[in-house]
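Survey of secondary and tertiary structure
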Amino acid sequence: MNICCIGAGYVGGPTMAMIALKCPDITVTVVDMNAARIAAWNSGTLPIFEPGLDDVVKQARGKNLFFSTDVAAQIKQADIIFVAVNTPTKTYGVGAGRAADLRYIESVARTIAEHAETGKIIVEKSTIPVKTADAIKTILASNSKGLKFAVLSNPEFLAEGTAVKDLTNPDRVLIGGERTPEGEKAMETLVGVYARWVPRDRIITTNLWSSELSKLVANAFLAQRISSINSISALCEATGADVDEVANAIGKDSRIGPKFLKSSVGFGGSCFQKDILNLTYLCESFGLPEVAAYWTSVVGINDWQKQRFAGRIVKELFNTVADKKIAVLGFAFKKDTNDTRESAAINVVRDLLAEHAKVSVYDPKVPADEIKIDSLGKGIDNPRLTVAKDAYEACAGAHAIAIVTEWDEFKTLDYAKIFAGMPKPAFLFDGRNIVDLAALRKIGFKASGIGKPAASRRAEDLG
Ligand code: NAD
Ligand code: UGA
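Residues numbered from 1 in each chain as written. Chains lettered and ligands numbered in written order. Predicted model: local features only at pLDDT ≥ 70, side-chain atom pairs only at ≥ 80, totals over all residues.

**So, the overall build of the protein**
A count of helices and strands for the protein gives 18 helices and 14 strands. Taken over the C-alpha trace, the protein has a radius of gyration of 24 Å; the compact-globule value for 463 residues is 23 Å, and the two agree within 12%. Principal-axis analysis of the C-alpha atoms gives the protein an extent of 75 × 45 × 45 Å. Every one of the 463 residues in the protein was classed for burial, and the buried ones make up 47%. Contacts spanning at least 24 positions in sequence make up 74% of the contacts within the protein whose residues lie at least 6 apart. (Helix = DSSP H or I, 4+ residues; strand = E, 2+ residues; numbered from the N terminus. Rg over C-alpha atoms; globule rule 2.2 N^0.38 Å. Buried ≥ 20, exposed ≤ 12 C-beta atoms within 10 Å, placed from the backbone. Contact = placed C-beta atoms within 7 Å.)

This is the structure we're talking about:
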């Protein structure tokens, strides 16, 4: 069997590497129009940082895992084609700012229709609006050779930073297809691929629309939990409750569960916001404005939380950060990834620069040029923005430290040494609740966290 995957990004690369590793008899080729990305996949430095991924790629690459720019040739050879191209939020025309931009999906469908010489199974791996399979089917059916294609939905649920773990041991694999003999047969073929390493009872098959919709809904539910706890973090700050204690207390209820209740400076990443906006657009298109408004509020709280964090820094620094150095620790949207797409750090840095602060950013994995020019391409390049080689350089001479990404190394920095090199009062704002505020206060920091009681209130409470 030959598998081709179009799109060698955060999803296409790792998922195909895992299939190749687990299915040595299947030849897997990942293609992309971005030649630099393909070159990186073929090199010693992969284009994405993902714990454990180097090992997986090394084991399969050159044996049954290949990376290529020859899209047409690989389409011809493939029995199954995964489509893992980007589906960003549309920035123009009808639905701008909310609907998914499906131009890459459509272009892939047309390329397949043009180059295929035999019928194939086409698998939607990208996250797409419900009913996209209809559009793909229609485009494929218009091929001049009378070929038959089966279109399946197989959304990806991996999270960045834990992609290898998630792919090795997924909670579930979801496959949607048409409930026709051809559709069922195609689903069984794809089930057969995953069943090589995923227990059969974790491979769910549904109709196409349930599968497409479930992906958007899963992300919406996950993001909703974060916005819920983040909304409560503000109430904790106002009342003296501690958001981690509240999260722990409610998470012990097995109906609520403990995961995804970590209050933060706001969720980032390329998908949560994009997929919720896409869901709200779909709801409105289907005449359900109340449902759309409900989910829109999840994004609204997230925007507010990001602003609130930067606003608090300005407020606590006596309402001005102009010409003050602020160290921003972390720029990736979460730890263990070099991905900065929609990172809360972008908003925090922008807001601080708008207040004329001098911002020094350090991130262990994000290259300096990506910090200066954000992934949206708008650019936050500014003479007051510098990139430090380590956390100590970022913090030297800073009036305040803002922890924005929860990298483990920020937990064990020598904060006494850092404190000694800062003008006083020295502030620290922990946007991830990863450091010991009491210990930092002992050193002399004016330290605060998200949803944490202020130092004075804590002292009062403790009598
Ligand atoms: P990405 O931007 O990292 O990768 C997409 C790749 O597709 C790019 O390298 C691009 O050059 C390539 N591409 C686009 N059009 C092409 C074409 N016509 N021919 C050949 N190559 C083409 O995106 P990603 O993060 O891998 O996400 C891909 C999809 O998976 C999105 O729909 C996303 O919502 C979904 N998803 C992402 C994640 C994640 O963790 N990043 C997780 C689950 C689902
Ligand atoms: C998320 C989902 O977890 C994946 O299942 C999904 O496949 C993926 O989106 C996608 O469709 O792209 P990802 O965005 O990579 O994965 O990472 P998450 O671990 O979900 O974190 C997203 C954001 O929420 C990060 O900024 C993270 O720091 C933040 N977060 C997460 C919190 O603030 N609190 C939490 O408790 C959990």
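Next comes the rest of the write-up.
**Looking at helix 9 (residues 208-239)**
Taking 1.5 Å as the rise per residue, helix 9 with 32 residues should run 46 Å; its terminal C-alpha atoms sit 47 Å apart, in good agreement. Positive backbone phi, approximately 95°, marks Gly 240, located one or two places after helix 9. (Expected span 1.5 Å × (residues − 1).)

**Brief notes about the packing of helix 9 against helix 11 (residues 272-285)**
Packing of helix 9 against helix 11 leaves a shortest axis separation of 9 Å and a crossing angle of 115°. Relative to helix 11, the crossing made by helix 9 is left-handed. Contacts between helix 9 and helix 11 pair Leu 216, Asn 219, Ala 220 and Ala 223 from the former with Phe 272, Asp 275, Ile 276, Asn 278 and Leu 279 from the latter. When the residues that make up the contact of helix 9 with helix 11 are grouped by side-chain class, the tally is six nonpolar, two polar and one charged. (Axes fitted to C-alpha atoms, helices over the stretch in contact; angles between N-to-C directions. Left-handed = near helix turned anticlockwise from the far one by under 90°. Nonpolar A, V, L, I, M, F, W, Y, C, P; charged D, E, K, R; others polar.)

**Side note on the nonpolar core**
As a rule of thumb, soluble globular proteins bury nonpolar side chains together. Among the nonpolar cores identified, the biggest contains 73 residues, and Ile 326, Val 328, Leu 329, Val 348 and Ala 402 are the most heavily contacted of them. With nine residues, helix 12 (residues 289-316) is the largest single contributor of residues to this core. Residues Ile 3, Cys 5, Ala 78 and Val 108 belong to the second largest nonpolar core, which totals 62 residues. (Core = buried A, V, L, I, M, F, W, Y, C linked by C-beta atoms within 7 Å.)

**Things to note about unusual backbone geometry**
Here the amide bond leading from Lys 424 into Pro 425 is cis, since omega sits at -5°, within 30 degrees of zero. For Pro 425, the position within the fold is in the loop between helix 16 (415-420) and strand 13 (427-430). One non-glycine residue, Asp 323, lies in the positive phi region at around 65°. As for its position among the elements, Asp 323 is in the loop between helix 12 and strand 9 (325-329). Its identity is not glycine, yet His 356 carries a phi of approximately 65°, on the positive side. The topology assignment puts His 356 in the loop between helix 13 (344-354) and strand 10 (358-362). The class of His 356 is partly exposed, set by 13 C-beta atoms lying within 10 Å.

**Considering the site of ligand 2**
Around ligand 2, the structure places 20 residues, and the nearest of them are Lys 262, Ser 264, Phe 267, Gly 269 and Cys 271. The dominant element in the shell around ligand 2, judged by the number of residues it contributes, is helix 9, at three residues. Shared between two domains, the shell around ligand 2 holds at least three residues of each, these being domain 1 (2-198) and domain 2 (229-461). (Near = placed C-beta within 6 Å. Domains from an automatic or database assignment.)

**Focus: the site of ligand 1**
Close to ligand 1 lie 26 residues, the nearest being Gly 7, Gly 9, Tyr 10, Ser 126 and Thr 127. Classifying every residue of the shell around ligand 1 gives twelve nonpolar, ten polar and four charged.

**Here's the deal with the packing of helix 5 (residues 103-115) against helix 6 (residues 132-141)**
The contact between helix 5 and helix 6 brings their axes to 9 Å, and the two run at 30°. Here helix 5 is positioned roughly parallel relative to helix 6, judged by the angle of their axes. Helix 6 is crossed by helix 5, and the crossing has right-handed handedness. The segment helix 5 lies against helix 6, with Ile 105, Glu 106, Ala 109, Arg 110, Ile 112 and Ala 113 engaging Thr 132, Ala 135, Ile 136, Ile 139 and Leu 140. When grouped by side-chain class, the residues that make up the contact of helix 5 with helix 6 number eight nonpolar, one polar and two charged. (Parallel < 35°, antiparallel > 145°, perpendicular 65-115°, else oblique.)

**A word on the sheet that holds strand 10**
Across the sheet, which stays open at both edges, the six strands sit in the order 11-10-9-12-13-14 with parallel pairing between neighbours. Each edge of the sheet is formed by a strand with only one pairing partner; in this case those strands are strand 11 (385-387) and strand 14 (446-449). Neighbouring strand axes in the sheet, compared pairwise and without regard to direction, differ in orientation by 20° on average. The strands touched by helix 12 are strand 9, strand 12 (400-403) and strand 13; relative to strand 13, the strand with the most contacts, the crossing angle is about 165°. (Pairing = 2+ DSSP bridges.)

**Structural notes on the environment of Arg 341**
Among the structural elements, Arg 341 can be located in the loop between strand 9 and helix 13. Along the primary structure Arg 341 and Cys 271 are separated by 70 residues, whereas in three dimensions their C-alpha atoms are 8.8 Å apart.

**Comments concerning the domain arrangement of the protein**
By convention, interface size is frequently given as the accessible area that disappears when the constituent parts associate. Along its sequence, the protein is carved into domain 1 (2-198) and domain 2 (229-461). Computed over C-alpha atoms only, the centres of domain 1 and domain 2 are separated by 34 Å. Residue-level contacts link 16 residues of domain 1 with 16 residues of domain 2. Broken down by class, the residue content of the side of domain 1 that touches domain 2 amounts to nine nonpolar, four polar and three charged.

**Observations regarding the pairing of strand 1 (residues 2-6)**
In terms of burial, strand 1 is largely enclosed, as four of its five residues are buried. Pairing analysis gives five bridges linking strand 1 to strand 2 (residues 27-31), with the strands arranged parallel. Residue pairing across strands places Ile 3 opposite Val 28, the latter belonging to strand 2. Where the polypeptide runs from strand 1 across helix 1 (residues 12-22) and back to strand 2, its parallel neighbour, the crossover connection is right-handed. (Right-handed = clockwise from strand over helix to strand, strands pointing away.)

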